[in-house]
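# Observations on chain architecture
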Amino acid sequence: MFSILIPTYNNLEYLKICVESIQKNSKYEHQIIVHINEGIDGTLEYVKNKKLDFTLSIKNIGMPKALNRASIKAKFDYIVISHDDFYYCPGWDVELVNNVNFIGHNNFYLSSTMVGAGQVEFDAGQTIENFDEAKLLKNLEKIKTFDFQGTTKCPGLIHKEIWERVGGWSEEFSPTGGDDTDFAMKLWKINIRIFKGLGKSLAYHFGSITTRKKNKSLFTYLGSRGNKIFLIKWGIGINFFEKFYLKSGLDNNKNLIFNKYVSPLDEPKKNLNFYIELIKGKFKICYLYLIRFK
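Residues numbered from 1 in each chain as written. Predicted model: local features only at pLDDT ≥ 70, side-chain atom pairs only at ≥ 80, totals over all residues. Heavy atoms only, no water.

### Some remarks on the side chain of Thr176
- Structurally, the position occupied by Thr176 is in the loop between helix H7 (160-165) and helix H8 (179-189).
- A polar contact of 3.1 Å, which involves the side chain of Thr176, links it to the side chain of Asp179. (Helix = DSSP H or I, 4+ residues; strand = E, 2+ residues; numbered from the N terminus. Polar contact = N/O pair within 3.5 Å; in protein donor to acceptor, adjacent residues only side chain to side chain.)

Put into structure tokens, the structure is as follows:
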């Protein structure tokens, strides 16, 4: 049904729970493709023993390159973009399949809802060591929410033909940071207007443990670097695109924008706030050129 792309970087214990949750909590049979960065912690042996499809690099090549390599092995028509620090909840794939069937064409980008470190706050443990699976499953129906506008980007579902048309993820963002929003922008540019987060398709997210590891200074650097690349490439910033185009992202107080999904997106409303934020972005671009950003 789906070809699920999972980059991993010496993160075996989280990868195990991710893979096993897919295998036990999915209604449909899916192909799991793991891209192994280094794999010096036993990941390669685990993937081979589980008879999973995989690609391998001897060093950490980051999210975009890992996803692109893994996608070459995709055998199904639909690709799921995943991290290795997800626990996929029961029924996660049912909602995705139902929406695909309802839409009736391939011009969409659907995503599951991240619980924990994501769109819905719920504490079932911040690490693998204190993960309370029973608590999560017991409260699953209470956690489920409405379908919302925009996309969580990951777990994200895209048709393989659309993935190939936009060239997968842009590798200039490697190792990561801004690459997920860049992918959404590429979809926007080919007139994809259905960006929809599914409130009943849930994945518990332990949070920023995958290819970048838990390093706040590195995370901040990559986010800043990614936004600069995005700004130079597209002429607008990440927050601007998510707020005015996808109707999601962060508001002025850094809170998640959580608009109920109603219909495919239209072109942004070009009001005073739009132009003020646009002009601010143009000044940032000028500044970046002045300091010779690379």
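### As for the pattern of salt bridges
- Applying the stated criterion to the full structure yields ten salt bridges.
- Residue Asp147 is joined to Lys196 by a salt bridge in which the shortest nitrogen-to-oxygen separation is 3.8 Å. With Asp147 in the loop between helix H6 (140-143) and strand E7 (148-149) and Lys196 in strand E9 (residues 194-205), the pair connects residues that are 49 residues apart, well separated along the chain.
- Here Asp147 falls in the partly exposed class, since its relative accessible area comes to 24%.
- Between Glu267 and Arg193 there is a salt bridge, and its shortest N-O distance comes to 3.0 Å. Of the two residues, Glu267 is situated in the loop between helix H10 (238-245) and helix H11 (272-290) and Arg193 in the loop between H8 and E9; the sequence distance between them amounts to 74 residues.
- Taking relative accessible area as the criterion, Arg193 reaches 15% and is therefore assigned buried.
- A single network of salt bridges, built from pairs that share partners, joins Glu172, Asp182 and Lys233. (Salt bridge = Lys/Arg side-chain N within 4 Å of Asp/Glu carboxyl O. Buried < 20%, exposed > 50% of the residue type's maximum accessible area, 1.4 Å probe, protein only.)

### What about unusual backbone geometry?
- In this model, Cys154 is joined to Pro155 through a cis peptide bond whose omega is 0°.
- Mapped onto the fold, Pro155 is located in the loop between E7 and strand E8 (156-159).
- Following Ser174, the chain continues into Pro175 via a peptide bond in cis, with omega recorded as 5°.
- Mapped onto the elements of the fold, Pro175 is located in the loop between H7 and H8.
- A positive phi angle, near 55°, is found at Lys51, a position not held by glycine.
- Here Lys51 is to be found in the loop between helix H2 (43-49) and strand E3 (53-57).
- Overall, the relative accessible area of 74% leaves Lys51 in the exposed class.
- Unusually for a residue other than glycine, Asn191 sits at a positive phi of about 70°.
- Mapping Asn191 onto the fold places it in the loop between H8 and E9.
- By relative accessible area, Asn191 is classed as exposed at 57%.

### Focus on helix H3 (residues 62-71)
- Within H3, eight of the ten residues are buried, which leaves the element mostly enclosed by the surrounding structure.
- Buried within H3 we find Gly62, Met63, Pro64, Ala66, Leu67, Asn68, Ala70 and Ser71.
- Elements in contact with the buried residues of H3: strand E1 (2-9), strand E2 (31-37), E3, strand E4 (78-81), H7 and H8. (Contact = heavy atoms within 4.5 Å.)

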